[in-house]
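Now for the letters of each chain:
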Amino acid sequence: MSDAIRPQPGILDIALYEGGAAPSGAMTNAVKLSSNENPFGASDKAKDAYSRAVHQLHRYPSTDHAALRTAIADVHKLDAARVICGVGSDEIIHFLCQAYAGPGDEVLYTEHGFLMYKISALAAGATPVEVPERERTTDVAALLAACNERTKLVFIANPNNPTGTMISAAEVAQLAEGLPPQAILVLDGAYAEYVDGYDGGLSLVEARSNVVMTRTFSKIYGLGGLRIGWGYGPKAIIDVLNRIRGPFNLSNAQLEAAEAAVRDQEFVTRCRTDNARMRAWLAEALAELGVPSDTSLANFVLARFADPAEAEACDAFLREQGLIVRRVSGYKLPNCLRITVGDESSCRRVAHAVAQFKGMR
Ligand SMILES: *Cc1c(COP(=O)(O)O)cnc(C)c1O
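Everything numeric in this text was worked out from a predicted model, so none of it was measured. (Residues numbered from 1 in each chain as written. Predicted model: local features only at pLDDT ≥ 70, side-chain atom pairs only at ≥ 80, totals over all residues. Heavy atoms only, no water.)

Attention shifts here to the overall build of the protein. On a plain count of helices and strands, the protein comes out with 12 helices and 12 strands. Taken over C-alpha atoms, the radius of gyration comes to 21 Å for the protein, in line with the 21 Å a tight globule of 361 residues would show. A principal-axis box enclosing the C-alpha atoms of the protein has dimensions of 60 × 55 × 50 Å. Long-range contacts, defined here as pairs at least 24 residues apart, represent 73% of the contacts in the protein between residues at least 6 apart. The distance from the centre of the 36 positive side-chain charges to the centre of the 42 negative ones in the protein is 3 Å. (Helix = DSSP H or I, 4+ residues; strand = E, 2+ residues; numbered from the N terminus. Rg over C-alpha atoms; globule rule 2.2 N^0.38 Å. Contact = heavy atoms within 4.5 Å. Lys, Arg positive; Asp, Glu negative; His and termini not counted. Charge placed at Lys NZ, Arg CZ, Asp CG, Glu CD.)

Our focus in this paragraph is the site of the ligand. Around the ligand, 13 residues are found, and the nearest of them are Ser-89, Asp-188, Thr-216, Ser-218 and Lys-219. The contact in question runs from an oxygen atom of the ligand to an N or O atom on the side chain of Lys-219, over 3.2 Å. Relative to its free-state accessible area of 380 Å², the ligand is covered by the protein chains to the extent of 94%. By residue number, the principal contributor to the shell around the ligand is helix H3 (residues 88–100), which donates three residues. Per-class residue counts for the shell around the ligand are four nonpolar, five polar and four charged. (Near = heavy atom within 4 Å. Polar contact = N/O pair within 3.5 Å; in protein donor to acceptor, adjacent residues only side chain to side chain. Areas by Shrake-Rupley, 256 points an atom, 1.4 Å probe, with all protein chains shown as cover. Nonpolar A, V, L, I, M, F, W, Y, C, P; charged D, E, K, R; others polar.)

This part takes up the pairing of strand E4 (residues 127–131). Across five bridges, strand E3 (residues 106–110) lies against E4 in parallel orientation. Each residue of the ladder has a partner; that of Glu-106, found in E4, is Thr-127. (Pairing = 2+ DSSP bridges.)

On to the packing of H3 against helix H8 (residues 235–244). A packed helix pair is summarised by two numbers, namely the angle formed by the two axes and the spacing between the axes. Where H3 contacts H8, the two axes come as close as 9 Å, and the packing angle between them is 95°. It follows that H3 is roughly perpendicular to H8 by the angle criterion. The residues of H8 that touch H3, namely those facing Phe-95, Leu-96, Gln-98, Ala-99 and Tyr-100, are Ala-236, Ile-237, Val-240, Leu-241 and Ile-244. Its residues assigned to classes, the contact of H3 with H8 comprises nine nonpolar, one polar and no charged. (Axes fitted to C-alpha atoms, helices over the stretch in contact; angles between N-to-C directions. Parallel < 35°, antiparallel > 145°, perpendicular 65-115°, else oblique.)

Remark: the centre distance and the inter-plane angle together describe each pair of aromatic rings, the angle taken between the planes. Under the criterion given, the structure shown has seven aromatic pairs. Centroid distance Tyr-60 to Phe-248: 4.7 Å. Interplanar angle 45°. Geometry classified as tilted. Here Tyr-60, found in the loop between helix H1 (44–52) and helix H2 (66–76), pairs with Phe-248, found in the loop between H8 and helix H9 (252–263); they are 188 residues apart in sequence, far enough to count as distant. The class for Tyr-60 is exposed, based on a relative accessible area of 67%. Take Phe-248: its relative accessible area is 42%, and that puts it in the partly exposed class. Centre to centre, the rings of Phe-217 and Tyr-221 are 4.8 Å apart; their planes meet at 45°, and the pair counts as tilted. The two residues Phe-217 and Tyr-221 agree in class, both being buried. Each residue in the set Tyr-17, Phe-114, Tyr-117 and Phe-155 is aromatic and connected to the rest through ring pairs, giving one cluster. Sitting above the plane of the Phe-300 ring, Arg-338 keeps its charged end 5.7 Å from the centroid. (Phe/Tyr/Trp six-rings, centres within 6.5 Å; stacked < 30°, edge-to-face > 60°. Buried < 20%, exposed > 50% of the residue type's maximum accessible area, 1.4 Å probe, protein only. Lys NZ or Arg CZ within 6 Å of the ring centre and 35° of its normal.)

Take the domain arrangement of the protein next. Partitioning the protein into structural domains gives domain 1 (11–41 + 266–359) and domain 2 (49–263). Computed over C-alpha atoms, the centres of domain 1 and domain 2 are 25 Å apart. The interface of domain 1 with domain 2 comprises 30 residues on the first partner and 28 residues on the second. Taken together, both faces of the contact between domain 1 and domain 2 bury some 2,600 Å²; the carbon and sulfur share is 64%. Among the residues of domain 1 in contact with domain 2, Arg-272, Leu-297 and Tyr-331 are the three that bury the most area, contributing 25% of the side total. Joining domain 1 to domain 2, the criterion identifies three salt bridges. We note a salt bridge from Asp-294 to Arg-136, for which the minimum N-O separation is 2.6 Å. (Domains from an automatic or database assignment. Buried area = accessible area lost by both parts, 1.4 Å probe. Salt bridge = Lys/Arg side-chain N within 4 Å of Asp/Glu carboxyl O.)

Judged by pairing direction, the sheet is mixed, and its seven strands sit side by side in the order E2-E8-E7-E6-E5-E3-E4 without closing on themselves. Of all the strands in the sheet, the pair left with one neighbour each is strand E2 (83–86) and E4. Ignoring which end each strand starts from, the neighbouring axes of this sheet average 20° apart. The sheet contact formed by E3 and strand E5 (residues 151–157) spans three bridges and is parallel. Bridge pairing links Val-107 to Leu-153 in E5. Contacts from H2 reach E2, strand E7 (211–216) and strand E8 (229–232), with the element oriented near 125° to E2. Together, E2, E5, strand E6 (184–188), E7 and E8 form the strand contacts of H3, whose direction differs from that of E5 by roughly 165°.

Counting residues in hydrophobic clusters, the biggest one holds 54 residues, and the most contacted among them are Ile-72, Leu-185, Phe-217 and Trp-230. Residue contributions to this core peak at five residues, all from H9. Summarising the domain contributions, this core has at least three residues from each of domain 1 (11–41 + 266–359) and domain 2 (49–263). With sequence-adjacent residues up to four places away left out, Ile-72 is seen in contact with Lys-77, Leu-78, Val-83, Cys-85, Phe-217, Trp-230 and Val-262. Core analysis: the next-biggest nonpolar cluster, separate from the first, contains 30 residues, Leu-153, Leu-241, Leu-302 and Cys-336 among them. (Core = buried A, V, L, I, M, F, W, Y, C linked by side-chain atoms within 4.5 Å.)

Structure follows, in structure tokens:
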């Protein structure tokens, strides 16, 4: 290839995102606990809506997503005109970087933050800036100290992945209040539904002009394979994002399934309750085996081992038992394994296998 053909600056610095490992075909009775997927799958209502979409394959989908935005607005009591839907919340993150950050601008995120923030910042030609956390928890003072006149976007996930930790609404408000005037705070609420009574930052979005919230159908709704997410923010920002959104970014099947899913809050409540029960059980069982974790508010537990070698050895041992969990060295947590909270039998299998690994059973 000619040396004259070169991508935009930043793009060759992107390290490809690696998804959670999937069990190989040879494994029998394997369970995938590496991608924070819902062990119960999706709501039957969402599956039915998806099936019905087969009759619309020849039709172009809606460009304004009005039906899905209305359903989201009904359920969350918000303004449908300020909702934007995307191909996963990843696409909303991408739109934000593309629209608001470019060469010379800085995009902040936390030390153990989601890798997509850095990838999208680099894709936009902006400079990614990683800010230290305090004990695997978002540090508002450190984020504010890292801001300057080049700061355009500040991403935090609350609860965060892969740490599972969360900061208070008061701390998030303090962060929004302290940002320089040209910066937007993005609250990634991928795991918000797992926190009983938490609005994902919605009230802060309503109260301010510099906060955007992102949400996803990939986690508690069990629709990760279908790729649907949404964002909510000030009208002026959502209008900007809609200008760069492809008009047909979501298919009929995605729109119909998501609409049915969000209207089935009974399913969401059931999943939240079961997750909380099994998460507490798993964290406690691991702690008794000498494997501590921070209090997780999400659908996974970040198990901490003595050192990277022990984490790696335990990962290999679990894999031999057909238990696929996530190593998180890429998130600067080499001595940890992130274990998705599965159904009861999966959680019991994990605890049993870790006990065997520790020579305690
Ligand atoms: C899983 C996850 C998402 C969701 O991404 P989608 O593109 O909506 O599937 C977003 N943010 C964080 C922190 C996540 O862990």
